Amino acid sequence: MTRIVLVTGGARSGKSTFAERRAAQEGGAVTYLATAQAFDDEMHERIGRHIADRPAGWRTLEEPLHVAGALRTVITPTALLDCLSLWVSNALLAGWTEQTVLDATCELLDVARTRAGLTVFVTNEVGSGIVPDNALARLYRDVLGRVNQRAATASDDAYLIASGLPLTLKGTSP
Ligand SMILES: Nc1nc2c(ncn2[C@@H]2O[C@H](COP(=O)(O)OP(=O)(O)OP(=O)(O)O)[C@@H](O)[C@H]2O)c(=O)[nH]1
């Protein structure tokens, strides 16, 4: 059955763990769609820990930019995209305009809506602090906020994770 779940929260809030648990609960095969790129040793180690912690049978697909196309190739019933926030960052740093990112978001959500299975999206809440003093950070905050709103609208279930605990924003309680 087609279902979209959005998991949002701050850094180290436990959102990836929550999303992975939700994907595993589905019981079928899972594809993990990673948008992160390792540009330094710390990120290599972080990604290595995630790989080691994932169930052995899960497939991994790494795609920093063209996530709709990558999701279209997923053949497992469950897909977990971690995370929209790094994808938006990658896209803006690659020179995509806000409109290009929003169009790509629509395409991504269309793919999720037409897949026969569960798609879990992980993202970050980044707009709660002070207004950033540089233009790129302000653009990032605004574009990601709009992407998150679109993803939440398209979702059946949406959760905010804070201090490891889920708050149900929409849909079924965990
Ligand atoms: N390229 C790549 N990235 C991965 C892989 N596994 C996990 N990641 C990335 O790791 C990132 C999430 O890790 P963290 O930054 O440690 O988690 P977090 O979201 O800050 O923290 P929590 O809220 O606690 O989950 C996501 O952006 C993923 O894309 C992988 O196999 N390859």
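The structure we're discussing is the one just above.
Let me sum up the structure you'll find in this document. Quantities reported herein were computed from a predicted structural model and do not represent experimental measurements. Going along each chain's sequence as written, the residues are numbered from 1 onward. Reporting of local features is limited, given that this is a predicted model, to residues whose pLDDT is at least 70; pairs of side-chain atoms are given and counted only at 80 or more, and all residues count toward the totals for whole chains, interfaces and linings. Where side-chain values are given, they derive from all heavy atoms of the structure, hydrogens and water being excluded.

## Considerations on the site of the ligand
Formally: The criterion for a residue being near a molecule or strand is simple. One of its heavy atoms has to lie within 4 Å of it. Polar contacts, as used here, are pairs of N or O atoms within 3.5 Å; protein pairs need one atom able to donate a hydrogen and one able to accept it. Residues neighboring in sequence count only if both atoms are side-chain atoms. Throughout, the Shrake-Rupley method with a 1.4 Å probe supplies accessible areas, and for residues the shown protein chains are the sole cover considered. Helix and strand assignments follow DSSP, with helices taken as H or I runs no shorter than four residues and strands as E runs no shorter than two, numbered in order from the N terminus. Just so you know the grouping, Ala, Val, Leu, Ile, Met, Phe, Trp, Tyr, Cys and Pro go in nonpolar, Asp, Glu, Lys and Arg go in charged, and all remaining residues, Gly too, go in polar.
Around the ligand sit 20 residues, and of these Arg12, Lys15, His50, Glu62 and Asp82 come closest. Between Ser13 and the ligand, the recorded distance is 3.1 Å, taken from a backbone N or O atom to an oxygen atom. At 3.4 Å from an oxygen atom of the ligand is found a main-chain nitrogen or oxygen belonging to Thr35. Relative to its free-state accessible area of 660 Å², the ligand is covered by the protein chains to the extent of 93%. Those elements that place two or more of their residues in the shell around the ligand are helix 1 (15–25), strand 2 (30–34), helix 2 (41–53) and strand 3 (59–62). For the shell around the ligand, the element with the highest residue contribution is helix 2, accounting for 4 residues. A class-by-class count of the residues in the shell around the ligand yields 7 nonpolar, 7 polar and 6 charged.

## Focus on helix 5 (residues 98–114)
Quick reminder of the rule: Expected helix span is given by 1.5 Å per residue-to-residue step, counting one fewer step than there are residues. Summary of the burial criterion: residues with accessible area below 20% of their type's maximum are buried, those above 50% are exposed, and those between are partly exposed, where the area comes from a 1.4 Å probe applied to protein chains only.
With 17 residues, helix 5 should cover 24 Å at 1.5 Å per step; its first-to-last C-alpha distance of 24 Å lies within 8% of that length. The set of residues buried in helix 5 consists of Val101, Leu102, Ala104, Thr105, Leu108, Leu109, Val111 and Ala112.

## Structural notes on the sheet that holds strand 3
Applied cut-off: DSSP-based pairing: two strands are paired if at least 2 bridges between them are found. Here an axis means a line fitted to C-alpha atoms, over the contact stretch when the element is a helix, while the angle between two N-to-C directions is reported on a 0 to 180 degree scale.
Here 7 strands make up an open sheet; going across it, the order is 3-2-4-5-1-6-7 and the pairing mixed. The open sheet has two free edges, formed respectively by strand 3 and strand 7 (165–170), since each of these has just one partner strand. When strand polarity is set aside, the average angle formed by the axes of neighbouring strands in this sheet is 20°. Bridge count between strand 2 and strand 4 (residues 78–82): 5 bridges; the pairing is parallel. Within the sheet, the bridge partner assigned to Ala34 lies in strand 4 and is Asp82.

## What about the environment of Leu71?
Worth spelling out the cut-off: In this analysis, two residues are considered to be in contact whenever any of their non-hydrogen atoms come within 4.5 Å of each other.
Mapped onto the elements, Leu71 comes out in helix 3 (residues 67–72). The exposure class of Leu71 is buried, given its relative accessible area of 2%. With sequence-adjacent residues up to four places away left out, Leu71 is seen in contact with Leu33, Ala79, Leu108, Val111, Ala112, Arg115, Thr119 and Phe121.

## Notes on a nonpolar patch on the surface
For clarity, the threshold we go by: Only residues whose relative accessible area exceeds 30% and that form no salt bridge are eligible for patches; like-charged ones are grouped when within 9 Å, while nonpolar side chains (Val, Leu, Ile, Met, Phe, Trp, Tyr) are grouped when within 5 Å. For this analysis, a salt bridge means a side-chain nitrogen from Lys or Arg found within 4 Å of a carboxyl oxygen belonging to Asp or Glu.
Together, Leu93, Leu136 and Leu139 make up a nonpolar patch on the protein surface, roughly 270 Å² of accessible area in all. Structurally, Leu139 can be placed in helix 6 (residues 135–154). Residue Leu139 is classed as partly exposed on the basis of its relative accessible area of 31%.

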